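Structural features, examined
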There are 2 protein chains.
Amino acid sequence: MEQRISLITLGVADLSRARTFYERLGWRGQEIEETVFFQAGGLALVLWGREKLAADSAIEDRDAGGIVLAHNVRSPAEVDALLADAASAGAQITQPARETFYGGYAGHFRDPDGHVWEIAWNPGFTLGPDGSLTLPDFGTPQAPQAP
Amino acid sequence: MEQRISLITLGVADLSRARTFYERLGWRGQEIEETVFFQAGGLALVLWGREKLAADSAIEDRDAGGIVLAHNVRSPAEVDALLADAASAGAQITQPARETFYGGYAGHFRDPDGHVWEIAWNPGFTLGPDGSLTLPDFGTPQAPQAP
């Protein structure tokens, strides 16, 4: 496992409210399929419905505070290998690797303290040579200026 | 607020167990004052006792899943300004800015969904021109190879 994080996803109860809050702090993102992505250095901060996030990770919504750290890799085979390594290291696999709704391949584990990680191959997200993630232009309208 | 994250701190019940887990996945970090820091791209992943993390953020340990996102800035005045912006945007200030045990200045807020952010000036951590954080060499022995 390379020593890096690709996405931090915050589960939110009201996507519009959450997006407005971060926009009022000066952040600018893109929304697609009821998900907001903010580029933040070499990773992305993501806002997504808490229930969807919990279901996707196969955890209870109230567990782990509704935050998932994702580590993206360059192939489906790497997803399998990394989840196997995590299980060997003592992780609990909450969601075995499977094809995802966005055409990728991903699985989830919890570390010994219950923190949730997704290991994902997402053909829509390019990783740089150093593993940094740069969001594509989703082609959606930019948010209007926050009030 | 610049669009970036400086540290992700995971609250852990047993620091040694948590460190061993990440080392078995191949991560290499530095430990100082019962805190483990892993460089991860332009930010740091940090392992710290759950109770200390909760006390530092002035939140209940079981709230927010024991994860705090930190945004480091370049001066104490920026900490004050950013916390004021966050409060104006609807954040709950859980810990007003104050001097920290490590010689810095920091405060905490929760976003509308309860996710916890620390806004910190830490004179020991250098920020690059792009805001990326590079850990210093703490001068502590490197961890032995994990089994």
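Right above here is the structure, for reference.
Below is a short write-up of the structure. (Residues numbered from 1 in each chain as written. Chains lettered and ligands numbered in written order. Predicted model: local features only at pLDDT ≥ 70, side-chain atom pairs only at ≥ 80, totals over all residues. Heavy atoms only, no water.)

**Description of the sheet that holds strand β1 (residues 7–12) of chain A**
Residues and elements named next belong to chain A. Going by this rule: When DSSP finds two or more bridges between two strands, those strands count as paired. Where helices and strands are cited, they refer to DSSP runs of H or I of at least four residues and of E of at least two residues respectively, numbered from the N terminus. Each axis is a line fitted through C-alpha atoms, and for a helix only the stretch in contact is used; angles between axes span 0 to 180 degrees, taken between their N-to-C directions.
Within the open sheet, the 8 strands sit side by side as β2-β3-β4-β1-β5-β8-β7-β6. Their pairing is mixed. In this open sheet, the two edge strands, each paired with only one partner strand, are β2 (30–32) and β6 (92–99). Across the sheet, the mean angle separating the axes of adjacent strands is 20° when strand polarity is ignored. In this sheet, strand β8 (residues 116–121) lies alongside strand β5 (residues 67–72) in parallel orientation, the contact comprising 5 bridges.

**Quick notes on the relation of the copies chain B and chain A**
Applicable threshold: Copies overlap after least-squares fitting; the atoms used are the C-alpha atoms of residues with pLDDT of at least 70 in both.
Rotating chain B by 180° and translating it 0.0 Å along the rotation axis places it on chain A, where the RMSD comes to 0.0 Å. On the angle and the small slide along the axis, the relation comes out as a two-fold axis.

**Brief notes about the sheet that holds strand β2 (residues 30–32) of chain B**
Two orientations exist for strands paired in a sheet by backbone hydrogen bonds: parallel and antiparallel. Residue and element names in this part refer to chain B. As a reminder, the rule being used: Contact criterion: two residues are considered in contact whenever any of their non-hydrogen atoms come within 4.5 Å of each other.
In space, the 8 strands of this open sheet follow the order β2-β3-β4-β1-β5-β8-β7-β6, with mixed pairing throughout. Two strands bound the open sheet, and with one partner strand each, they are β2 and β6 (92–99). Averaged over all neighbouring strand pairs, the angle between strand axes comes to 20°, with direction disregarded. When strand β3 (residues 35–40) meets strand β4 (residues 43–49), the two strands line up antiparallel, connected through 6 bridges. Directly across from V36, in β4, lies its bridge partner L47. Set on the sheet, helix α1 (residues 15–24) makes contact with β1 (7–12), β2, β3 and β4; between it and β4 the angle comes to about 145°. Helix α3 (residues 76–88) rests against β5 (67–72), β6, β7 (105–110) and β8 (116–121) of the sheet, and its axis sits at about 15° to β7.

**Here's the deal with the pairing of β5(B)**
Residues and elements named next belong to chain B. Stated precisely, the cut-off is as follows: Only protein chains enter the area calculation, which uses a 1.4 Å probe; residues under 20% of their type maximum are buried, those over 50% are exposed, and those in between are partly exposed.
Among the 6 residues that make up β5, 6 are buried, leaving the element largely enclosed by the rest of the structure. Burial along β5 is two-sided: I67, L69 and H71 facing one way and V68, A70 and N72 facing the other are all buried. Looking at chain direction, β1 and β5 are connected through 4 bridges and run antiparallel. Note that in β5 the partner of I8 across the bridge is L69.

**A look at the environment of A:P76**
Residue and element names in this part refer to chain A. Checked against the element boundaries, P76 lands in helix α3 (residues 76–88). Owing to a relative accessible area of 30%, P76 belongs among the partly exposed residues under this scheme. The spatial distance from the C-alpha of P76 to the C-alpha of L10 is 24 Å, given a sequence separation of 66 residues. Residue contacts for P76: discarding those within four places in its chain leaves Y105 and W121.

**Structural notes on the pattern of salt bridges**
Pairs can form between side chains of opposite charge whenever their charged atoms are close. Here is the rule we go by: For this document, the term salt bridge refers to a Lys or Arg side-chain nitrogen within 4 Å of an Asp or Glu carboxyl oxygen.
Counting across every chain of the model gives 14 salt bridges over all chains. Between A:R74 and A:E2 there is a salt bridge; the shortest N-O distance is 3.3 Å. Of the two residues, A:R74 is situated in the loop between β5 and α3 and A:E2 in the segment before β1; the sequence distance between them amounts to 72 residues. Its salt-bridge partner being B:K52, residue B:E34 comes within 2.5 Å of it at the nearest N-O pair. Remark: B:K52 occurs in helix α2 (residues 50–57) and B:E34 occurs in the loop between β2 and β3; sequence separation between them is 18 residues. You can call B:K52 partly exposed: its relative accessible area is 35%.

Purely spatial values, then, with no claim about function.
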